[in-house]
Amino acid sequence: MAAPITASDRQIGREIAEPAPWPFDGDLARRANVMDPNFDPPRLVRRVGWIRCLRCADPHFSPDVAGVRICLNCKNSDEENRGRGARLL
């Protein structure tokens, strides 16, 4: 009988399972965990869910509720306006 393969001998890891975005139902408290199954026990990578944008206060689905707090519309408009002060001088 062959010896079991240890985690350090594996060359291909298992994929992180991303939960699918769910429709907005007004619940901003619901979160889904993104877990990394390559650890035993599985390790929490981040949490996803609906949050309010810090700039416009519109709800949006965030792939990382702790790190992504501004919606794409506000982020894109901020990048377009970046550096305008320098161009006006």
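Residues numbered from 1 in each chain as written. Predicted model: local features only at pLDDT ≥ 70, side-chain atom pairs only at ≥ 80, totals over all residues. Heavy atoms only, no water.

Chemist: Looking at this structure, I do not really get unusual backbone geometry. What am I missing?
Modeler: Excluding glycine, residues mostly carry a negative phi; peptide bonds, for their part, are mostly trans. A cis amide bond, omega 0 degrees, links Asp-40 with the succeeding residue Pro-41. By secondary structure assignment, the location of Pro-41 is in the loop between strand S1 (31-36) and strand S2 (43-52). Non-glycine residue Ala-57 carries a positive phi angle of around 70 degrees. Secondary-structure assignment places Ala-57 in the loop between S2 and strand S3 (59-62). (Helix = DSSP H or I, 4+ residues; strand = E, 2+ residues; numbered from the N terminus.)

Chemist: How should the sheet that holds S2 be read in this particular structure?
Modeler: Sheet strands pair via backbone hydrogen bonds, and the direction of the pair is either parallel or antiparallel. Strand order across the open sheet formed by 3 strands is S1-S2-S3, with antiparallel pairing between neighbours. Edge positions in the sheet fall to S1 and S3, since each of these pairs with one other strand and no more. Averaged over all neighbouring strand pairs, the angle between strand axes comes to 20 degrees, with direction disregarded. Of the strand pairs in this sheet, S2 and S3 are connected by 4 bridges, and their pairing is antiparallel. Counterpart to Trp-50 in the pairing with S3 is Phe-61. (Pairing = 2+ DSSP bridges. Axes fitted to C-alpha atoms, helices over the stretch in contact; angles between N-to-C directions.)

Chemist: What exactly am I supposed to notice about the environment of Gly-49 here?
Modeler: Along the chain, Gly-49 falls in strand S2. Judged by relative accessible area, which is 0%, Gly-49 ranks as buried. Placed 25 residues apart in sequence, Gly-49 and Phe-24 show a C-alpha to C-alpha distance of 9.5 Å. Beyond its immediate chain neighbours, meaning those up to four positions away, Gly-49 contacts Trp-22, Arg-30, Arg-31, His-60, Phe-61, Ser-62 and Val-65. (Buried < 20%, exposed > 50% of the residue type's maximum accessible area, 1.4 Å probe, protein only. Contact = heavy atoms within 4.5 Å.)

Chemist: Which parts of the structure should I look at to understand the pairing of S2?
Modeler: Two faces belong to every sheet, and in a regular strand the side chains alternate between them. Summarising the sheet, S1 and S2 pair through 6 bridges and their orientation is antiparallel. Bridged to Asn-33 within S2 is Arg-47. Between S1 and the antiparallel strand that follows it, S2, lie 6 residues. Taken together, S2 and the strand that follows it, S3, pair antiparallel across an intervening segment of 6 residues, in which Ala-57 is found at a positive phi of about 70 degrees.

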